[in-house]
Amino acid sequence: MFRPSRPVWSVLGVLLAAGCSGSSSVGGPDAGAQLLPYYGQVQVLFQQNCQSCHVTGGFAPFALETLADARSHAVAIADAVRSRRMPPWKPAEGCQAMEASRRLSDADVATIVAWATGGTPEGDSSKAVSFSPPDGGLPWVDLTLAPDQPYAPKAALSDDYHCFLLDPGLTQNQYLVGVDVQPEQRPLVHHVLLFATTALDAIAADTADPDPGWTCFGGPGTSGTPRLLGGWVPGTQATRFPADTGILLRAGEVVVMQVHYNLAAGPSAPDTTRVKMQLARGPVAKPAAILPLANLGFSIPAGATGYTSTIQVASPASGVLWGVIPHMHTKGRRVTVKAGNTCLVDIPAWDFHWQQAYFFTTPLPLTVGTQLSLSCTWDNPTASAVTWGEKTTDEMCLNYVYATQN
Ligand code: HEC
């Protein structure tokens with residue numbers, strides 16, 4: 001899959017390190033939190049923090065749109081919010097502040113828990129507010145790409161990873177500044193990743209598989225050096241790259257869209273996932289690249305628990321770091337990325353199903369020679385050592401950085 005472009009971030013070596021000692025603080029709710037009513041207080045918290053997913057026909061297993069919805073799930077809500085399983089947000093506090101964080105404040109956790117465990121008081125229903133989640137669309141759309149025909153994920157697979165070839169038909173180089181991925185069967189789509197690659201590589205992968213598109217895991221499964229363009233996970237609105245930055249799309253390149261269908265939520269149904277692309281009106285001031293920092297050399301011993309492998313790479317150039325996209329497969333437990341002593345991201349409870357790009361609230365300057373470190377921890381319950389590879393049963397230890405030169 002992600003074949004790192006080694007000339008840029010060469011992998012200097014692998015050094016095994018003991019488990020990382022970062023802290024993952026779970027902010028407990030204030031025991032003395034005031035009991036506030038649903039209307040006028042708690043309803044708004046559910047609207048703003050839950051309804052991007054918990055709506056009728058949405059990705060989450062139940063709607064949280066009405067007082068009755070919230071009451072019938074009150075026990076589970078208190079538990080999920082107190083333990084911070086919900087809203088799903090994987091990066092630990094105390095590392096970088098991220099844009100669009102879904103993490104609830106301790107005060108909001110306390111309010112929800114107090115309400116859900118304190119008799120779910122209704123309050124004054126005249127204070128009910130109507131709400132529709134922000135559409136989060138792009139300011140303009142230049143290209144809408146979709147596969148030629150719908151694809152019904154294979155019912156025999158609970159997880160079907162499928163790649164589609166999309167041709168933007170670019171006759172000149174352009175900068176991508178925004179992406180809006182729109183799955184049709186939202187409950188079935190767990191994530192989408194977009195890659196740019198050469199048409200020949202993608203056509204070869206497509207024709208080798210009899211279905212529309214082809215089966216692929218983790219990455220596009222093409223040869224060559226596909227470049228990550230972005231992606232989508234449930235709850236994501238359109239992704240707009242940071243102001244004045246954008247990613248070059250070369251004339252003649254195609255886009256490979258990998259869709260991860262998960263059939264736990266419902267029966268298979270034909271899906272057409274669309275990709276809307278916003279292109280810059282001219283060259284962007286800060287061309288960006290999504291560059292891999294990859295640890296290719298690990299070997300997780302059979303039966304290991306909490307096995308950690310860390311690489312350090314001296315940054316080959318100066319620039320600015322805007323964000324990170326960590327990636328492991330299903331045996332991953334923790335991933336931490338640092339630049340020198342600065343923590344870029346720490347995901348203490350890795351969950352394969354919740355992967356995304358994280359953009360920093362404040363971009364970070366990077367000087368040449370700064371040690372970039374990537375540390376991955378896994379459990380390997382199998383009877384064989386596990387190494388880098390593209391299959392479900394293989395593993396990865398990878399982080400992309402979204403970086404510009406200035
Ligand atoms: C980004 C999407 C998303 C958001 C936002 C979200 N949820 Fe969920 N929620 C899910 C999904 C998906 C599941 C199913 C379990 C899973 O995949 O983790 C779930 C499951 C749950 C469950 C049952 C399972 C459990 O972990 O207890 C509860 C309760 C819940 N959510 C409450 C909430 C509340 C309350 C909020 C807002 C404060 C919220 N969720 C926000 C996607 C979301």
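As a convention, each chain's residues are numbered from 1 in the sequence order in which they are written. Residue-level local features of this predicted model are given only where pLDDT is at least 70; pairs of side-chain atoms are given and counted only at 80 or more, and the full residue set underlies all totals for whole chains, interfaces and linings. In computing side-chain values, all of the structure's heavy atoms are included and hydrogens and water are not.

Side note on the pairing of strand β20 (residues 398-404)
Only protein chains enter the calculation, and the probe is 1.4 Å; a residue is then buried if its accessible area is under 20% of its type maximum, exposed if over 50%, and partly exposed in between. Only DSSP runs of H or I covering at least 4 residues are called helices, and only runs of E covering at least 2 are called strands; the numbering of each starts at the N terminus. By the criterion of burial, β20 is predominantly enclosed, with seven of the seven residues buried. Burial along β20 is two-sided: L398, Y400, Y402 and T404 facing one way and N399, V401 and A403 facing the other are all buried. Summarising the sheet, strand β11 (residues 286-294) and β20 pair through seven bridges and their orientation is antiparallel. By the bridge assignment for β20, I290 is matched with Y402. Pairing between two strands is assigned when DSSP locates at least 2 bridges connecting them.

With respect to the sheet that holds strand β18 (residues 371-378)
In space, the four strands of this open sheet follow the order β13-β18-β15-β16, with antiparallel pairing throughout. Lying at the two open borders of the sheet, with one neighbouring strand each, are β13 (307-314) and β16 (342-347). When strand polarity is set aside, the average angle formed by the axes of neighbouring strands in this sheet is 10°. With five bridges joining them, strand β15 (residues 332-339) and β16 adopt antiparallel strand pairing. Considered in β16, the bridge of K338 is made with C343. Between N-to-C directions, angles cover 0 to 180 degrees, with each direction set by a line fitted to C-alpha atoms, over the stretch in contact for helices.

Concerning the state of the cysteines
Disulfide assignment relies on a single distance test, namely cysteine sulfur atoms paired within 2.5 Å. All chains considered together, the criterion is met by three disulfides. Across the disulfide, C95 is cross-linked to C343 (sulfur-sulfur distance 2.0 Å). Between C95 and C343, the S-S torsion sits near -95°, and that sign places the bridge as left-handed. Residue C95 is located in the loop between α3 (74-82) and α4 (106-117), and its partner C343 is located in strand β16; the two are separated by 248 residues in the primary sequence. The same class applies to C95 and to C343, which are both buried. Each disulfide pairs two cysteine sulfurs, and for C376 the partner residue is C397, the sulfurs being separated by 2.0 Å. Taking the sign of the S-S torsion, about 90° here, the bridge from C376 to C397 comes out right-handed. Here C376 is found in strand β18, whereas its partner C397 is found in the loop between β19 (386-387) and β20, with 21 residues between them in sequence. For C376, a relative accessible area of 0% translates into the label buried. Taken N- to C-terminal, the disulfide-bonded cysteines of the protein are connected 1-4, 2-3, 5-6.

Comments concerning unusual backbone geometry
A cis geometry characterises the amide bond from M86 onward to P87, with omega recorded as -15°. Note on placement: P87 falls in the loop between α3 and α4. Positive phi is not limited to glycine here, since D244 has a value of about 70°. With respect to the helices, strands and loops of the structure, D244 is situated in the loop between β7 (239-240) and β8 (245-249).

So, the domain arrangement of the protein
Split by domain assignment, the protein resolves into domain 1 (38-127), domain 2 (143-284) and domain 3 (288-404). Note that domain bounds follow an automatic or database assignment of domains. Averaged C-alpha coordinates put domain 1 and domain 3 at centres separated by 30 Å. Every residue pair with non-hydrogen atoms within 4.5 Å of one another is taken to be in contact. With 12 residues of domain 1 at the interface, the matching set in domain 3 holds 18 residues. Two parts placed together each lose some accessible area under a 1.4 Å probe, and the buried area is that loss summed for both. The three residues of domain 1 that bury the most area against domain 3 are K90, Q96 and M98, which together make up 42% of that side's buried surface. Salt bridges are defined by distance alone: a side-chain nitrogen of Lys or Arg within 4 Å of a carboxyl oxygen of Asp or Glu. Joining domain 1 to domain 3, the criterion identifies zero salt bridges. Polarity classes work like this: nonpolar for Ala, Val, Leu, Ile, Met, Phe, Trp, Tyr, Cys and Pro, charged for Asp, Glu, Lys and Arg, and polar for all others, with Gly in that last group. A class-by-class count of the residues in the side of domain 1 that touches domain 3 yields eight nonpolar, one polar and three charged.

Let's talk about the packing of helix α1 (residues 38-49) against α4
The N-to-C vectors of α1 and α4 enclose an angle of 120°; their axes lie 10 Å apart at closest approach. By the angle class used here, α1 and α4 are oblique. Regarding α1 and α4, the two cross each other, and that crossing is left-handed. Across from Y38, V42, L45 and F46 in α1, the residues of α4 making contact are D108, T111, I112 and W115. Of the residues contributing to the contact of α1 with α4, the split by class is six nonpolar, one polar and one charged. For this classification, under 35 degrees means roughly parallel, over 145 means roughly antiparallel, 65 to 115 means roughly perpendicular, and everything else is oblique. Handedness of a helix crossing follows the sense of rotation of the near helix relative to the far helix, less than a right angle counterclockwise being left-handed and clockwise being right-handed.

Comments concerning the packing of aromatic side chains
For any pair of aromatic rings, the description rests on two quantities: the centre-to-centre distance and the angle between the ring planes. Within 6.5 Å between ring centres, the rings of Phe, Tyr and Trp (the latter by its six-membered ring) count as paired, and their orientation is classed by plane angle as stacked under 30 degrees, edge-to-face over 60, tilted in between. Evaluation of the coordinates by the stated rule reveals 15 aromatic pairs. Seen in terms of ring centroids, F241 and F359 are 6.4 Å apart; in terms of plane orientation they differ by 75°. Their pairing is edge-to-face. Of this pair, F241 sits in the loop between β7 and β8 while F359 sits in strand β17 (residues 358-366), and the two are 118 residues apart along the sequence. For the residue pair F241 and F359, the accessibility class agrees, reading buried in each case. Here the aromatic rings of F298 and W378 are separated by 4.5 Å at their centres, their planes lie at 35°, and the arrangement is tilted. Highlighted residues: F298 in the loop between β11 and β12 (299-300) and W378 in strand β18, separated in sequence by 80 residues. In this structure, F298 and W378 share a single accessibility class: buried.

Considerations on α1
To estimate how far a helix should reach, multiply one less than its number of residues by 1.5 Å. With 12 residues, α1 should reach 16 Å at 1.5 Å per residue; the first-to-last C-alpha distance of 15 Å falls well below that figure. Regarding α1, the residues found buried are Y38, Y39, V42, Q43, L45, F46 and Q47. For α1, the elements touching its buried residues are α2 (67-72), α3 and α4.

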